[in-house]
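Single-letter residue listing:
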Amino acid sequence: YTATQPANPGTAPSGTLLAEFTLSNPAFAAASNGTAALDVTPALTDFGLAAGTAAWFRILTSSEAAGTGLGVIDGTVTASGGGGDMTLNTVTISVGVNVEITSGSISMPASES
C-alpha cells in the first residue's frame, strides 16, 4: 500500500493497494529468538495493480482477503538494503510490472505466563 500505515491490522487499510501476493503455506520458517523469516522460495512475485510508492504491507488470512481487508500483521516495506519488515525488489510500483518480495520477517517478544 501507499500512504501511512494504519494504527493496527484491525483498522481499515489506508492508501492504494499496489500489489497482492499469495504466500507459501506455511508462510514463515520456525521462529528463532523471537523472529520468523518469510519463506520466499519459490520466489513471491506478482504484477503491479496500481502505480505508486509502496510504504507498508498487510498480511491477511484467506477469509479476511475475501471480506473486510482487516489483517493479522502490518509492517513497513523497503527496497533492497532498506531494513524494513518486508523487502521488495523495488518500492516504485507500476501497473503490470513485475514486483517481487525478496525477504521479510516478523518479530515478537517472548510471552510471559
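Quick note: structure is the one above.
Now for a look at the structure at hand.

The rules behind these values
- Residues numbered from 1 in each chain as written.
- Predicted model: local features only at pLDDT ≥ 70, side-chain atom pairs only at ≥ 80, totals over all residues.
- Heavy atoms only, no water.
- Phe/Tyr/Trp six-rings, centres within 6.5 Å; stacked < 30°, edge-to-face > 60°.
- Helix = DSSP H or I, 4+ residues; strand = E, 2+ residues; numbered from the N terminus.
- Buried < 20%, exposed > 50% of the residue type's maximum accessible area, 1.4 Å probe, protein only.
- Core = buried A, V, L, I, M, F, W, Y, C linked by side-chain atoms within 4.5 Å.
- Contact = heavy atoms within 4.5 Å.

### What to know about the packing of aromatic side chains
Thought 1: With the rule as written, the count across this model stands at one aromatic pair.
Thought 2: On the numbers, 4.4 Å between centres and 10° between planes, the contact of Tyr 1 with Trp 56 is stacked. Placement of the pair is Tyr 1 in the segment before strand 1 (35-37) and Trp 56 in strand 4 (residues 56-59), with a sequence separation of 55 residues.
Thought 3: Under the relative-accessibility criterion, Tyr 1 is labelled buried at 18%.

### Points about the nonpolar core
Thought 1: Of all hydrophobic cores here, the largest spans 18 residues; its most connected members are Ala 54 and Leu 88.
Thought 2: Those elements that provide at least two residues to this core are strand 4, strand 5 (73-79), strand 6 (86-88) and strand 8 (98-107).
Thought 3: No other element matches the three residues that strand 8 contributes to this core.
Thought 4: Every residue in contact with Leu 88, bar those within four places of it in the chain, is listed here: Ala 54, Val 77, Thr 78, Ala 79, Ser 80, Ile 93, Val 99, Glu 100, Ile 101 and Thr 102.

### Digging into the environment of Ala 36
Thought 1: With respect to the element layout, Ala 36 can be found in strand 1.
Thought 2: In this structure the C-alpha to C-alpha distance between Ala 36 and Ser 107, which are 71 residues apart in sequence, comes to 6.5 Å.
Thought 3: In contact with Ala 36, other than residues within four places in its own chain, are Phe 28, Ala 29, Ala 31, Gly 104, Ser 105 and Ile 106.

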